[in-house]
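Residues per chain are reported as follows:
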Amino acid sequence: MGKLLIVGTVAFDAIETPFGKTDKILGGAATFISLSAAQFGVNSGIVSVVGGDFPKSYLNRLNARNISTEGIEIIEEGKTFFWSGRYHNDLNVRDTLTTDLNVLANFNPIVPDSFTETDFLMLGNLHPNVQMAVIKQLPKKPKLVVLDTMNFWMDNTLDELMEVIAKIDVITINDEEARQLSGEYSLVKAAQKIFTMGPKYVVIKKGEHGALLFNEENIFFAPALPLEEVFDPTGAGDTFAGGFIGYLAKTDDISFENMKRAVISGSNLASFCVEKFGTERMEVLTIAEIQQRLLQFKELTQFEIELS
Ligand code: AMP
C-alpha cells in the first residue's frame, strides 16, 4: 500500500440547497479528498492551513480515520478559509456567495518530514503556486501525481497553472474546464491537446453523467450511479478524486486497467457524498455499503451482445 499526501483547502462551508441550509460546517477540498481516500485504509496526510477558530474536534475527526493532520498549520491569530454557496433547484447550478481566503491568502505550505517520500501526491484545487511549492519540496518524484484544478485558476493564473500541469501525471477537471484549457469542444480532442501539456492521463468529470478516463491509446467511461435523491453536491468532485487516488494507493498499481477500477471507485464514493450535507455521509459510510453499491455499478454497466 502506498503513502498518500494531499494538498488542499481545509475549510468552513455554509451550504444552502433547496432542501435546507447549514451553518459553518467542516469542508474543504482536502477534507473531502482525505475522507474518501480513507475508505481504502491508506496512510494519508494533509498539507493545509487553518485559523485559531478551527475546532480541534474537526482535526480529531480526520485523525480518527488515519488521516495525519501534522501538515495542517494552525495560525492562532488567523481565521480559517470560509466558503459559502447556494444551489438552485437544478443542483448542477450553484452560486458562490462568499470566498474568504483568510489564512489561505499567504499560505506557504510545508510538507512534514514523514511525507516527503510519499508514493502518491494529490494536488487538490488551490492556487497553482501552492501546488508547485509542494512538488518542489519532494526530493524524488512520487509514483503518481494527480492534479485537480478549476476555471478560476485558468482565468487568473494560467501561466503558473501550466507550469504545474507540465509536472503532473493525471489531471482531473470537468468538461467545461477541459474545453477552456484546450480550446477544443470535442472532449476527445481536448484530452489530446492536454496530453501535449504534460499529463499522461486525463480524467474529465461530467457530474451526474459520469467521468471519462483517457490515455493516448485508450478511452474508458464510468457512469455516475443514477440516484433517487441528491441532497448536496458539495465536495462530489473532491470525493471522486479521493476515491480515484485512494484506490490506486491501496492497490499500488498505476496501470490503465487499474485506473479504470479507480475511476469506478471514485464515482462510487461520490455517489454517497451527495446524499447528505457536507462530509456527513462520508463519515458514517461502511465498507458493506461501498461494496453493495459497487455491485449496482456492475449491474448498471454490464450487458451481453452478439457480434455478427
Ligand atoms: P466542489 O464541490 O468539488 O467544488 O468542492 C467544494 C469544496 O471546495 C468546499 O468544501 C469548499 O470549501 C472548497 N472550495 C470552494 N472554493 C474554493 C477555492 N476557490 N479554492 C479551494 N477550495 C475551494
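As a reminder, the structure under discussion sits directly above these lines.
Summarised in this report is the structure supplied together with it. (Residues numbered from 1 in each chain as written. Predicted model: local features only at pLDDT ≥ 70, side-chain atom pairs only at ≥ 80, totals over all residues. Heavy atoms only, no water.)

A closer look at the site of the ligand
And step 1. As a structural note, the neighbourhood of the ligand is formed by 14 residues, with Asp 13, Gly 28, Arg 94, Gly 235 and Asp 238 the closest of them.
And step 2. Contacts to the ligand include Gly 28, whose backbone N or O atom sits 2.7 Å from an oxygen atom.
And step 3. Those elements giving two or more residues to the shell around the ligand turn out to be strand E2 (11-17) and helix H8 (236-251).
And step 4. Classifying every residue of the shell around the ligand gives 4 nonpolar, 7 polar and 3 charged. (Near = heavy atom within 4 Å. Polar contact = N/O pair within 3.5 Å; in protein donor to acceptor, adjacent residues only side chain to side chain. Helix = DSSP H or I, 4+ residues; strand = E, 2+ residues; numbered from the N terminus. Nonpolar A, V, L, I, M, F, W, Y, C, P; charged D, E, K, R; others polar.)

Side note on the packing of helix H1 (residues 29-37) against H8
And step 1. Where H1 contacts H8, the axes come no closer than 7 Å and their chain directions differ by 40°. Of the possible angle classes, the one that applies to H1 and H8 is oblique. Relative to H8, the crossing made by H1 is right-handed. Facing H1, whose interface residues are Ala 29, Phe 32, Ile 33, Ser 36 and Ala 37, H8 presents Asp 238, Thr 239, Gly 242, Gly 243 and Gly 246. (Axes fitted to C-alpha atoms, helices over the stretch in contact; angles between N-to-C directions. Parallel < 35°, antiparallel > 145°, perpendicular 65-115°, else oblique. Left-handed = near helix turned anticlockwise from the far one by under 90°. Contact = heavy atoms within 4.5 Å.)

With respect to the packing of aromatic side chains
And step 1. Under the definition given, this model contains 7 aromatic pairs.
And step 2. Ring geometry for Phe 12 versus Tyr 58: centroids 6.2 Å apart, planes at 75°, classification edge-to-face. Taken together, the residues span a long stretch of sequence, with Phe 12 in strand E2 and Tyr 58 in helix H2 (residues 56-63) at a distance of 46 residues. Here Phe 12 matches Tyr 58 in class, with each residue buried.
And step 3. Summarising the aromatic geometry, the rings of Phe 54 and Tyr 58 are spaced 5.4 Å apart at their centres and angled 85° between planes, so their arrangement reads as edge-to-face.
And step 4. Pairwise contacts between aromatic rings join Phe 12, Phe 54 and Tyr 58 into one cluster.
And step 5. Above the face of the Tyr 185 ring, Arg 179 is positioned so that its terminal group lies 4.0 Å from the ring centre.
And step 6. Here Arg 293 stacks its cationic end above the ring of Phe 272, 3.8 Å away from the centre of that ring. (Phe/Tyr/Trp six-rings, centres within 6.5 Å; stacked < 30°, edge-to-face > 60°. Buried < 20%, exposed > 50% of the residue type's maximum accessible area, 1.4 Å probe, protein only. Lys NZ or Arg CZ within 6 Å of the ring centre and 35° of its normal.)

Some remarks on helix H7 (residues 187-195)
And step 1. All of the buried residues in H7 are Leu 187, Ala 190, Ala 191, Ile 194 and Phe 195. When H7 is viewed along its axis, its buried side chains cluster within an angular range of 140° and face the same direction.
And step 2. Put simply, Ser 186 is the residue that caps the front of H7, since its side-chain oxygen is 3.2 Å from the backbone nitrogen of Val 188. (Arc of directions from axis to C-beta.)

Observations concerning helix H5 (residues 158-165)
And step 1. Of the positions making up H5, those classed as buried are Leu 161, Val 164 and Ile 165. When H5 is viewed along its axis, its buried side chains cluster within an angular range of 100° and face the same direction.
And step 2. Contacts made by the buried residues of H5 are with strand E10 (120-123), helix H3 (128-137), strand E11 (144-148), helix H4 (151-156), strand E12 (170-174) and helix H6 (175-182).

Some points on the pairing of E12
The side chains of a regular strand alternate between the sheet's two faces.
And step 1. Counting buried positions over the 5 residues of E12 gives 4, a clear majority of the element.
And step 2. Relative to strand E13 (residues 201-205), E12 is paired through 5 bridges, and the arrangement is parallel. Looking at E13, one finds that Ile 171 is bridged to Val 202. (Pairing = 2+ DSSP bridges.)

Brief notes about the environment of Glu 160
And step 1. Tracing the chain through its elements places Glu 160 in helix H5.
And step 2. Sequence separation between Glu 160 and His 127 is 33 residues, and the spatial gap between their C-alpha atoms is 8.7 Å.
And step 3. Here Glu 160 is in contact with Pro 128 and Asn 129, once residues within four sequence places are set aside.

Some thoughts on the pattern of salt bridges
And step 1. Tallying each qualifying case throughout the model produces 13 salt bridges.
And step 2. Of the charged contacts in the structure, one is a salt bridge between Glu 16 and Arg 86, with a shortest N-O distance of 3.3 Å. Of this pair, Glu 16 sits in strand E2 while Arg 86 is found in strand E8 (residues 82-87), placing the two residues 70 residues apart along the sequence.
And step 3. On the accessibility criterion, Arg 86 (36% relative accessible area) is partly exposed. (Salt bridge = Lys/Arg side-chain N within 4 Å of Asp/Glu carboxyl O.)

Some remarks on the side chain of Asp 13
And step 1. Tracing the chain through its elements places Asp 13 in strand E2.
And step 2. Of the side chains with opposite charge, Arg 94 comes closest to the buried, unpaired Asp 13, at an N-O distance of 7.7 Å.
And step 3. Leave out the neighbours within four places in its chain, and Asp 13 touches Thr 22, Asp 23, Lys 24, Ile 25, Gly 27, Gly 28, Phe 32, Phe 82, Trp 83 and Thr 234. (Lys, Arg positive; Asp, Glu negative; His and termini not counted.)

A word on the packing of helix H9 (residues 256-273) against helix H10 (residues 287-301)
And step 1. Direction vectors running N to C along H9 and H10 enclose 115°, while the axes themselves pass 10 Å from each other. When the axes of H9 and H10 are compared, the crossing they make is right-handed. Between H9 and H10, the residues in contact are Ile 264, Ser 267, Asn 268, Leu 269, Ser 271 and Phe 272 and Glu 289, Ile 290, Arg 293, Leu 294 and Phe 297, respectively.
And step 2. Classifying every residue of the contact of H9 with H10 by side-chain character gives 6 nonpolar, 3 polar and 2 charged.

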